[in-house]
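Spelled out, the chains give:
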Amino acid sequence: MPSIKLKMVRLSFPDLFTPTQYQGKGKFRYNASFLITPGSENDKIVQAAIKEAATEKFGARADAILESIRGNSNKMCYVKGDLKEYDGYQGMLVLSGHRNQEAGKPGIYDCTRAGPDGKPLPLTVESGKPYAGCYVNVSLDIYAQGAPNEGVRCGLSGVFFAKDGDAFSGSKVASPDDFEAMEEGADAAALV
């Protein structure tokens, strides 16, 4: 099972702090999708890992199986973004990763800040990062799955916030500068 690291990919549909079920069914899992530019170094890394995982699992049948599942998001973790009508997906490739709740939450860190040990600081849901539309570095495992659910999957190990980006939700992430501090007095009394 190839382990890969991708740098500066755009994050989409992150369920990183609270596991969810797929369409309300099945096991709870953590999820995220990553937008990758076709032909980029990240794309080459993913393509090579998919080929390696398929060859390990399927041997001489790998190319035929990959050809038969390409473009099917239920069987292939890496598809063309043009298949979906979401912001930022057009002309991109989309890698979808998951991690079952039983395996524990993926590591979620901030690459822009380091602790006293020089390592990235962990993030919490309260930090507001990472969010859909920001840029992240990710650690993933690519693996092939045999029958009856033959396909190539992506395991989510870690997500590292790297840089702000335009939020996909249509709104930006709030900043402490967005509002003035509320003082006691007329403004505070008006809210009660």
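Look above for the structure.
Below: a short report on this structure.

### Thoughts on the overall build of the chain
Here comes step 1: Helix and strand counts for the chain stand at 3 helices and 8 strands.
Here comes step 2: Going from the N terminus to the C terminus, the chain shows its helices and strands as β-β-α-α-β-β-β-β-β-β-α.
Here comes step 3: A total of 192 residues make up the chain; the buried ones form 37% of that total.
Here comes step 4: Sequence separation of 24 or more characterises 65% of the internal contacts of the chain that already satisfy a separation of 6 or more.
Here comes step 5: By element, 52% of the accessible surface of the chain is carried by carbon and sulfur atoms, the whole surface being about 11,500 Å².

### Side note on helix H2 (residues 62-69)
The periodicity of an α-helix, 3.6 residues per turn, causes residues three or four positions apart to be oriented the same way.
Here comes step 1: Listing the buried residues of H2 in full gives Ala62, Ile65, Leu66 and Ile69. Burial along H2 is one-sided: seen end-on, the buried residues are contained in an arc of 100°. Among the exposed residues of H2, those oriented more than 90 degrees off its buried face are Ala64, Glu67 and Ser68.
Here comes step 2: Close packing links the buried residues of H2 with helix H1 (41-58) and strand S8 (151-163).
Here comes step 3: Downstream of H2 by one or two residues, glycine 71 has phi in the positive range, about 90°.

### Structural notes on the nonpolar core
Here comes step 1: If you look at the biggest cluster of nonpolar residues, it comprises 39 residues, and the most contacted ones within it are Leu6, Phe34, Tyr78, Leu95, Leu140 and Ile142.
Here comes step 2: Leave out the neighbours within four places in its chain, and leucine 6 touches Ile36, Asn42, Ile45, Val46, Leu95, Val136, Asn137, Val138 and Leu140.
Here comes step 3: If you look at the next biggest cluster of nonpolar residues, it comprises 5 residues, including Leu35, Tyr89, Met92 and Val94.

### Focus on the side chain of asparagine 42
Here comes step 1: Mapped onto the fold, asparagine 42 is located in helix H1.
Here comes step 2: Setting aside chain neighbours within four positions, we find asparagine 42 in contact with Leu6, Lys7, Val9 and Ile36.

### Digging into the pattern of salt bridges
Here comes step 1: Applying the stated rule across the entire model yields 3 salt bridges.
Here comes step 2: Among the salt bridges present, the one from aspartate 63 reaches lysine 51, with a minimum N-O distance of 2.3 Å. In this pair, aspartate 63 sits in helix H2 while lysine 51 sits in helix H1, placing the two residues 12 residues apart along the sequence.
Here comes step 3: Classification of aspartate 63 as partly exposed rests on a relative accessible area of 47%.

### A short note on unusual backbone geometry
Here comes step 1: In this structure, the amide linkage connecting lysine 129 to the following residue, proline 130, adopts the cis form with an omega of -10°.
Here comes step 2: Cis geometry is found at the peptide bond from alanine 147 to proline 148, where omega equals 10°.
Here comes step 3: Relative to the assigned elements, proline 148 resides in the loop between strand S7 (135-145) and S8.
Here comes step 4: With a phi angle near 55°, methionine 8 is a residue other than glycine that sits in the positive phi range.
Here comes step 5: Note that methionine 8 resides in strand S1 (residues 3-22).
Here comes step 6: Despite not being glycine, phenylalanine 13 shows a phi value in the positive range, around 45°.
Here comes step 7: By relative accessible area, phenylalanine 13 is classed as partly exposed at 45%.

### Some words on the environment of phenylalanine 13
Here comes step 1: For phenylalanine 13, the location among the structural elements is in strand S1.
Here comes step 2: For phenylalanine 13 and alanine 132, which are 119 residues apart along the polypeptide, the C-alpha to C-alpha distance reads 5.9 Å.
Here comes step 3: The contact partners of phenylalanine 13, leaving out residues within four places of it in the chain, are Asn31, Ala32, Ser33, Tyr86, Tyr89 and Ala132.

### A word on the pairing of strand S4 (residues 93-100)
Here comes step 1: Of the pairings in the sheet, the one linking strand S2 (residues 25-36) to S4 comprises 8 bridges and is antiparallel in character. Looking at the pairing, isoleucine 36 lines up with leucine 93 of S4.
Here comes step 2: Bridge count between strand S3 (residues 78-80) and S4: 3 bridges; the pairing is antiparallel. In the strand pairing of S4, tyrosine 78 is matched with leucine 95.

About the cut-offs
Residues numbered from 1 in each chain as written. Predicted model: local features only at pLDDT ≥ 70, side-chain atom pairs only at ≥ 80, totals over all residues. Heavy atoms only, no water. Helix = DSSP H or I, 4+ residues; strand = E, 2+ residues; numbered from the N terminus. Buried < 20%, exposed > 50% of the residue type's maximum accessible area, 1.4 Å probe, protein only. Contact = heavy atoms within 4.5 Å. Areas by Shrake-Rupley, 256 points an atom, 1.4 Å probe, with all protein chains shown as cover. Arc of directions from axis to C-beta. Core = buried A, V, L, I, M, F, W, Y, C linked by side-chain atoms within 4.5 Å. Salt bridge = Lys/Arg side-chain N within 4 Å of Asp/Glu carboxyl O. Pairing = 2+ DSSP bridges.

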